[in-house]
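A closer look at the structure
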Amino acid sequence: MTATMQAIVFHGAGKWGLEEVAQPTLIASDDVLLKVERTGICGTDLHILSTPPGHPATPGSILGHEYVATVVDTGDSVSHLQRGDRVVIDPNITCGLCQYCRLGMTNVCERMTTLGIFRHGGLAEFNVAPAKSLHRISNDVPIERAALAEPLACVWHAFEKTALVPGESVAILGGGPIGLLFLLLFKSAGAGKVFLVEPADFRRQQAEALGADGAINPKTQNAASEIKSATGIGADIVVDTVGSLLPEALELVRFGGRVVLFGLNQHAERTISQYYPTRYEVTIIGSFIQRTAFPKVVRALESGIIPVEELITHRIGLAELSDGLEALRQGTAIKILAHP
Ligand SMILES: [Zn+2]
Ligand SMILES: [Zn+2]
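Heads up: these notes are all about the structure in this document. Residue indices follow the written sequence of each chain, beginning from 1 at its first position. Here the convention is simple: chains get letters from A, ligands get numbers from 1, in the order in which they are written. pLDDT decides what is reported in this predicted model: residues at 70 or higher carry local features, side-chain atom pairs at 80 or more are listed and counted, and totals for whole chains, interfaces and linings draw on all residues regardless.

An α-helix turns once per 3.6 residues; consequently, residues spaced three or four apart project the same way. Put simply, a residue is buried when 20 or more other C-beta atoms lie within 10 Å of its own C-beta and exposed when 12 or fewer do; between those, it is partly exposed, and each C-beta is set from the backbone. Runs of E in the DSSP output that reach at least two residues are strands. Runs of H or I that reach at least four are helices, and both are numbered from the N terminus. What helix α6 (residues 201-209) keeps buried is the set Arg-203, Gln-206 and Ala-207. Down the axis, α6 shows its buried residues gathered within 100 degrees of arc, on one side only. Those residues of α6 that are exposed and angled more than 90 degrees off the buried face are Asp-201 and Ala-209. Residues are scored as being in contact if the C-beta atoms we place from backbone atoms lie within 7 Å. Lining the buried residues of α6 we find α5 (177-188), β11 (194-197) and β12 (214-216). Trailing α6 by a residue or two, Gly-211 shows a phi angle of about 110 degrees, which is positive. As used here, the arc is the angular range of directions from the helix axis to the C-beta atoms.

Shown next, in the form of structure tokens:
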């Protein structure tokens, strides 16, 4: 009789459930069997589980792409990990063979697949992942801090593209988990004033508690004039974590500053004046997931300089996933961790 486990299984447009499924086993020689410790629920999960879905996923897959786990068993060719090691997972599996992988742009690999979206992920008691997806992290790191490695890695990739100079001012559009991770990272890296623009009261309060120099409500305040009066010329760096706010970002950035586009929204088609970034030398930078951030994120989490666990507002079991999703939809949660 095969052993079973509980898992959140996606079945296509609006259909999913907590089910009893077979426990995974090692197949390929580079496979690693993992006991999942914690799994973050993210905006992408919300998009996958919406009707109609706002993000594709493969029916039959176990969801959950932000997880931390302990190694239970390894395939024959795995030498860098052993039973009992704690690992964080880079869920995006790249081919290594396409032109973009060979150019070093693995984040736009033409044959990328993702654990927890197109293959089985971490909303289950056990998971099997290829060894190259796993980054060892000290067992001394608090488990809830380690659970935020994946979103922090994506934020880290965008952060590196900003080439922050200590003392520079930053405006972050959107105060969800990603916006707040940017806040913590910019602050720990020596940014000067960091502002957050967010309509939800709860999220602005979180931003202030986490050290934002100003949390601006765009519904009642003029963000451009607030930031201009606080900085004199506008923010050196503006980050759009929402995915549709390029025109607003251009209003906040100083001449010669950088705008980083992080949020993803396939339907956003905003109009900007092409004259403006040309005339005022504004750099617009796209950023998508990450390439080489995991080793740096692991070091930062082990050192404790970025207290990412402070973003966790809800802890749930798999059976409470729909409540968790509802809290995310209502904007009453920041980060939700499931304990499979
Ligand atoms: Zn995610
Ligand atoms: Zn590739």
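This next bit is on the environment of Glu-320. Tracing the backbone shows Glu-320 in the loop between β16 (312-316) and α11 (321-330). For Glu-320, a count of 16 C-beta atoms within 10 Å corresponds to the partly exposed category. Distance in space between the C-alpha atoms of Glu-320 and Leu-18 is 9.6 Å, their sequence separation being 302 residues.

This paragraph deals with helix α10 (residues 294-303). Among the residues of α10, those classed as buried are Phe-294, Val-297, Val-298 and Leu-301. Each buried residue of α10 lies within a common arc of 100 degrees when the element is viewed along its axis, so the set occupies one face. Across from the buried face of α10, at angles greater than 90 degrees, the exposed residues are Pro-295, Arg-299 and Ser-303. Next to the buried residues of α10 lie β5 (86-89), β9 (134-136), α3 (143-146) and α4 (149-162).

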